[in-house]
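Here are the chains, one letter per residue:
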Amino acid sequence: MKKNQKIVIIDYGAGNIQSIMFAIKRLGFEAELSSDAEEIRKADKVIFPGVGEAGSAMKMLRSTGLDEVIPTLKQPVLGICLGMQLMCNYSEEGDTKGLEIFDADVKRFDNSVKVPQIGWNQITNLDSHLFDNVENGEYVYLVHSYYVPECVDEIARTEYGINYSTALHRDNFYGVQFHPEKSSKTGEQILKNFLKLDLRS
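Residues numbered from 1 in each chain as written. Predicted model: local features only at pLDDT ≥ 70, side-chain atom pairs only at ≥ 80, totals over all residues. Heavy atoms only, no water.

A. Spotlight on the pairing of strand S5 (residues 88-91). Alignment of S5 against strand S7 (residues 102-108), held across three bridges, turns out to be parallel. The residue of S7 that forms the bridge with Tyr90 is Asp105. Here S5 pairs with strand S6 (residues 96-97) via two bridges, running antiparallel. Note that in S6 the partner of Tyr90 across the bridge is Lys97. Counting the residues between successive antiparallel strands, the hairpin from S5 to S6 contains four residues, one of them, Gly94, with a positive phi of roughly 70°. (Pairing = 2+ DSSP bridges. Helix = DSSP H or I, 4+ residues; strand = E, 2+ residues; numbered from the N terminus.)

B. View of the nonpolar core. Counting 35 residues, the largest nonpolar core has Ile24, Ile47, Leu130, Phe131 and Phe178 as the members making the most contacts within it. Put simply, the parts of the chain that give this core at least two residues each are strand S1 (7-10), helix H1 (17-26), strand S4 (77-80), strand S9 (139-144), strand S11 (154-160), strand S12 (162-170), strand S13 (173-176) and helix H6 (184-196). Contacts of Phe178, omitting those with residues within four sequence positions, involve Ile80, Cys81, Ile123, Phe131, Val140, Tyr141, Leu142, Thr166, Ser183 and Ile190. Within the second largest apolar cluster, 32 residues are counted, among which are Ala43, Val46, Phe48 and Ile70. (Core = buried A, V, L, I, M, F, W, Y, C linked by side-chain atoms within 4.5 Å. Buried < 20%, exposed > 50% of the residue type's maximum accessible area, 1.4 Å probe, protein only. Contact = heavy atoms within 4.5 Å.)

C. Seen up close, the side chain of Ser165. Locating Ser165 in the fold gives a position in strand S12. Using a relative accessible area of 0% as the deciding quantity, one classes Ser165 as buried. One polar contact links Ser165 to Glu154, side chain to side chain, over a distance of 2.7 Å. Setting aside residues up to four positions removed in sequence, Ser165 forms contacts with Met84, Val148, Pro149, Glu150, Cys151, Glu154 and Ala156. (Polar contact = N/O pair within 3.5 Å; in protein donor to acceptor, adjacent residues only side chain to side chain.)

D. Spatial organisation of the pairing of S11. For S11, the tally of buried residues reaches five of seven residues, placing the bulk of the element in the interior. Bridge count for S11 against S12 is six bridges, and the pairing is antiparallel. When the sheet's bridge partners are listed, Tyr160 is paired in S12 with Ile162. In sequence, S11 turns back onto S12 through a hairpin of one residue, with Gly161 there showing a positive phi of about 80°.

In short, geometric facts, not functional conclusions.
Structure, rendered in structure tokens:
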């Protein structure tokens, strides 16, 4: 793994940024925050965080022009939580058009389960180098009311009343619904794997 790689966390006012920066620091790397398109394009790895409401987050992305930048990136990009959902075609939350990177629509959990889902749940059907050295059925930490139904870009699955896609991959883009920065050793391994990725993965 390249130790001097440039890691940029996209800063658009809707991110769980500090905990991600600390998690990367624990792995021996430094990450920088940026909303500058050129700095983001120059990065070796890009992390696209997100907390809050989809419609408001997309407005903030559009106000900075980053909605045009993110889909054109060529290096490995990791969307986390709302970041992953914004990379989909559409979200029911706020009737929001997404970045159309992943071919999926985001739906709200129905009332047959407690909403939001808060806490630890398992990831299964792991199918990516993002999950190297992660056991099928490991637990990760989730906080969300909206989910991605099982889809062609799925690389991990979780059950919460229904089976849904808890991680996605297409080309150089990856997304996880859970918070790796809050998911103990499993999340640390997943972040480490992301930092190891190249475009062959």
